[in-house]
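What the coordinates show
Letter by letter, the chains look like this.
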Amino acid sequence: MDKNEYATKMKQLLTSDKTYVTVDKDPTSSFQTKNNSIVRRLQDLKLIDTRTAMKLRTYKAVCPKIYGQPKAHKAGLPLRPVVPCMTAPSYELSKFVGSILRKSLTSKYNIKDSFEFCQYVNNICLPTGHILVSFDVVSLFTSIPKELVRHSIFRRWNDIENHTPICLDLFWEITEFCIDCSYFSFEGAYYIQKFGTAMGNPLSPIIADLVMEDILDEAISKTSCVIPFIKKYVDDLFLVLPPDKVQDVVNTFNEVNQNIQFTLEIKEGRRLPFLDMALIRQEDDTVKTEWYCKSIASGRFLNFHSGHPMHQKMNVAQNFVKRVMVFSTNLDLKRKREIVHRHLKANDYPKCLINRLINRAKHQTVNNNTAMDVSRTETETETHQDEMKFYSLTNIDGLTQQITKTLKRDYPGIKIANRQHKTIGSLLPSVKDKTPNTEQSNVVYKIDCADCEACYVGMTSTKLKQRISGHRSNLKKLKTLLDKGYTNEDAEVSWVREKTALVNHAATMDHNFKLDETNIIDRTFKTNNLHILESCHIYNTNNTVNKRTDTDNLHVAYAGLLHLLKNETTNRR
């Protein structure tokens, strides 16, 4: 798909009058104000503590940028709209509400993952004459009416109130705001999603779960037949039905709400694909499974000769072997080995390593004891992870592994994750709109002097435009004082000059700075890293007006590395 075709499909997607509406300007500021107002109310009512309030409040929100994920398994490559809401004003508040709802949800239909479903389906016996079918919801997230969400929350309030001190009216007001705060931009235009929820909003999955639970309860109560087995994974349903009642059941499900519509999938014969396995009905009416992948799957895993750490490649191969061995209850060991060898050999894994992984996994079976052990292990892991601190290091073959080993020995409370510097995402062009430099936060920037070769290096954890506005305001104060006849020796001017090294240079040399041409020279997601990054850039930048004391807190260990980088950069130029 080329860029023009992608843009055309996205615009067609956004022309839905039912789901999206365009607005004249960026609504981030108004949503941010309302978000902070809600947080202030919660804090004033002593429903949240100060630490939680600081986490939920934001002053540097940026409009999310929508993008489309092609559905490669469907004809015409339709796009799935995704709105990454990490920069939205209500992101943390949505996570807060979602965590409360998730604690209160008890589902009789949900399955956690493929392993749990495999265990379930391999232990059922189908009633005589019944068949395996699957339902799929059409565009679930963007089809959820707000009325259904409100009904689901009101219905479950007796359970929800056990997990929050917030009253029902205020809780619904917050939830409604998080739903309404679904907005984004595309190619310079701003949109608000007026129907449904956005894929990318942390509140959307739990809302979809609540609504689906209620729809299933109502639909099952109205069906003309008994449904002996039914399970749900997000918007995919597995059912066992009499063949003559299948269409009636689909119609009943679709009549519950006109916005939530189900499609039917029935495979001829005894096989039905569901999740990443194929369900096979046996002659004795039991069900067996096989590992399954779609016909469009490329078969590519993490290649054995890639530059990733060995433990990552081993984990990929080991997890694949485990899935094949556990899911393929309908195959003998020889067939399982053939599947594993075929796929791992195509990704250059050595034969001896494949055999070792198979021998390690071939005794694993899905049973109740395994499930209990996994559940207990996960609980212990979650408890242990609360006490762990996680850091990431760029993978440099040999060096990173040694550093990780040393840290693991000396600091058992630290967990190191390796990340790759070169990724597929860095090679392919981004389809999302770029955020303007002035809207970015947690950056290190450089401002050149308009009258000499000097420059100023600074940092800001807020939006860059706010920091530039601060510089402009300080320079304006300086100019006003000088125009009134004050000199550099006067206390009023000295007070302004002490604000920043930029103002001091402007006052001393009577120079101006190119504030409108500010360049971002580094950025980070972690605010605590800004001081180190700023010091490094000040240390390695020639002709800076910054004070030398700005680098005094830089550890001596950085000196050699920065000297080397500076010389290499000079040589390249």
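Residues numbered from 1 in each chain as written. Predicted model: local features only at pLDDT ≥ 70, side-chain atom pairs only at ≥ 80, totals over all residues. Heavy atoms only, no water.

Under an unreviewed UniProt entry, the name given to the protein chain is Reverse transcriptase domain-containing protein, and the source organism is Aedes albopictus.

**Some words on the overall build of the protein chain**
Helix and strand content of the protein chain: 21 helices and 17 strands. Principal axes of the C-alpha set define a box for the protein chain whose edges measure 100 × 60 × 50 Å. Scored against the burial criterion, the 573 residues of the protein chain give a buried share of 40%. Summarising the internal contacts of the protein chain: among those between residues at least 6 apart in sequence, 69% fall at separations of at least 24. (Helix = DSSP H or I, 4+ residues; strand = E, 2+ residues; numbered from the N terminus. Buried < 20%, exposed > 50% of the residue type's maximum accessible area, 1.4 Å probe, protein only. Contact = heavy atoms within 4.5 Å.)

**Section: the sheet that holds strand β17 (residues 519–523)**
Spatially, the three strands line up as an open sheet ordered β16-β15-β17, and their pairing is antiparallel. Both outer strands of the open sheet, β16 (455–460) and β17, are each paired with one neighbouring strand and no more. Within the sheet, the average angular offset between the axes of one strand and its neighbour, ignoring direction, is 25°. Note: strand β15 (residues 443–448) against β17, four bridges, orientation antiparallel. For K446, the partnering residue across the bridge sits in β17 and is N519. Sheet contacts for helix α20 (residues 530–540): β15, β16 and β17; angle to β16, the most-contacted strand, approximately 170°. (Pairing = 2+ DSSP bridges. Axes fitted to C-alpha atoms, helices over the stretch in contact; angles between N-to-C directions.)

**Description of the sheet that holds strand β11 (residues 277–281)**
The antiparallel open sheet is built from three strands, whose spatial order is β10-β11-β12. Edge strands, defined here as strands with exactly one partner in the open sheet, are β10 (271–274) and β12 (287–291). Going across the sheet, the axis of each strand differs from the next one's by a mean of 30°, ignoring polarity. Strand direction decides the pairing type here: β10 and β11, joined by four bridges, are antiparallel. Along β11, the bridge assignment pairs P273 with A278. Of the strands in this sheet, β10, β11 and β12 touch helix α5 (residues 114–121), which is tilted by about 5° from β11. The strands touched by helix α11 (residues 310–327) are β11 and β12; relative to β12, the strand with the most contacts, the crossing angle is about 155°.

**Section: α5**
Buried residues of α5: S114, F117, C118, Q119 and V121, and no others. The N-cap of α5, judged by a side-chain oxygen 3.2 Å from the amide nitrogen of F115 a few residues on, is D113. (Polar contact = N/O pair within 3.5 Å; in protein donor to acceptor, adjacent residues only side chain to side chain.)

**Considerations on the pattern of salt bridges**
A side chain with one charge can pair with a side chain of the opposite charge if their charged atoms come near. Applying the stated rule across the entire model yields 23 salt bridges. Linking D217 and R155 is a salt bridge whose minimum nitrogen-to-oxygen distance equals 3.4 Å. Linking D217 in helix α9 (residues 204–222) with R155 in helix α6 (residues 146–155), this pair joins segments that are 62 residues apart in sequence. The class of R155 is partly exposed, set by a relative accessible area of 46%. Two residues, D214 and R156, come together in a salt bridge whose shortest N-O distance is 3.0 Å. (Salt bridge = Lys/Arg side-chain N within 4 Å of Asp/Glu carboxyl O.)

**Some words on the packing of α11 against helix α12 (residues 333–345)**
Interhelical geometry of α11 versus α12 gives an angle of 150° and a closest axis separation of 10 Å. Relative to α12, the element α11 is oriented roughly antiparallel. Helix-helix and strand crossings are classified by hand; for α11 and α12 the assignment is right-handed. Judged by residue contacts, A317, F320, V321, V324 and M325 of α11 engage L333, K336, I339, V340, H343 and L344 from α12. For the contact of α11 with α12, a count of residues per class yields nine nonpolar, one polar and one charged. (Parallel < 35°, antiparallel > 145°, perpendicular 65-115°, else oblique. Left-handed = near helix turned anticlockwise from the far one by under 90°. Nonpolar A, V, L, I, M, F, W, Y, C, P; charged D, E, K, R; others polar.)

**Brief notes about the nonpolar core**
Among the nonpolar cores identified, the biggest contains 59 residues, and F135 and F253 are the most heavily contacted of them. Residue contributions to this core peak at nine residues, all from α9. With near-sequence residues (within four places) excluded, F135 lies in contact with D235, D236, L237, L239, L241, V249, V250, F253, F262, T263 and L264. In this structure, V240, F327, V340 and I358 belong to the second largest nonpolar core, which totals 35 residues. (Core = buried A, V, L, I, M, F, W, Y, C linked by side-chain atoms within 4.5 Å.)

**Some points on the confidence of the model for the protein chain**
Of all residues in the protein chain, 92% have pLDDT values of 70 or greater, and the mean over the chain is 87. Throughout residues 365–383 the model reports pLDDT below 50, and contacts reaching past four residues in sequence, or to other chains, amount to nine contacts. (pLDDT = per-residue confidence, 0-100.)

**What about the side chain of K313?**
Along the chain, the position of K313 falls in helix α11. Within the local environment of K313, its side chain forms a polar contact with the backbone oxygen of F304, the two atoms lying 3.0 Å apart. Within the structure, K313 has its side chain in polar contact with the backbone oxygen of S306 (distance 3.2 Å). When neighbours within four sequence positions are excluded, K313 is seen to be in contact with L302, N303, F304, S306, H308 and Y349.

**Re the pairing of strand β5 (residues 183–186)**
Along a regular strand, successive side chains alternate from one face of the sheet to the other. Where burial is concerned, the two faces of β5 agree: the one with Y183 and S185 and the one with F184 and F186 are both buried. For β5 and strand β6 (residues 189–193), the ladder comprises four bridges, and the chain directions are antiparallel. The partner of F184 across the bridge, within β6, is Y191.

**A word on unusual backbone geometry**
With a phi angle near 55°, N442 is a residue other than glycine that sits in the positive phi range. Tracing the backbone shows N442 in the loop between α16 (424–427) and β15. At D510, a residue that is not glycine, the phi angle is positive and equals roughly 60°. Note that D510 resides in the loop between α19 (501–509) and β17.

**With respect to the environment of T128**
Relative to the elements of secondary structure, T128 occurs in the loop between α5 and β4 (131–137). Along the sequence, T128 and D285 sit 157 residues apart, while their C-alpha atoms lie 7.2 Å from each other.

**Overview of a nonpolar patch on the surface**
On the surface, a nonpolar cluster with roughly 250 Å² of combined accessible area is contributed by I396, L399 and I403. With respect to the helices and strands, the residue I396 is situated in the loop between β13 (389–394) and α15 (399–410). Note on I396: relative accessible area 45%, which makes it partly exposed. (Patch = residues over 30% accessible without salt bridge, like charges linked within 9 Å, V, L, I, M, F, W, Y side chains within 5 Å. Areas by Shrake-Rupley, 256 points an atom, 1.4 Å probe, with all protein chains shown as cover.)

**Side note on the packing of aromatic side chains**
Tallying each qualifying case throughout the model produces 19 aromatic pairs. Seen from their ring centres, W291 and F320 are 5.4 Å apart, and the 85° between their planes marks the pair as edge-to-face. With a gap of 29 residues between them, W291 in strand β12 and F320 in helix α11 connect regions that are remote in the sequence. Here W291 matches F320 in class, with each residue buried. When the ring of Y445 is compared with that of Y456, the centres are 6.3 Å apart and the planes differ by 55°; the resulting orientation is tilted. Highlighted residues: Y445 in strand β15 and Y456 in strand β16, separated in sequence by 11 residues. We note that Y445, like Y456, is buried. The residue whose ring lies beneath K18 is F195, and the NZ or CZ to ring-centre distance is 4.8 Å. Taking NZ or CZ as reference, K231 lies 5.0 Å from the ring centre of Y120, over its face. (Phe/Tyr/Trp six-rings, centres within 6.5 Å; stacked < 30°, edge-to-face > 60°. Lys NZ or Arg CZ within 6 Å of the ring centre and 35° of its normal.)

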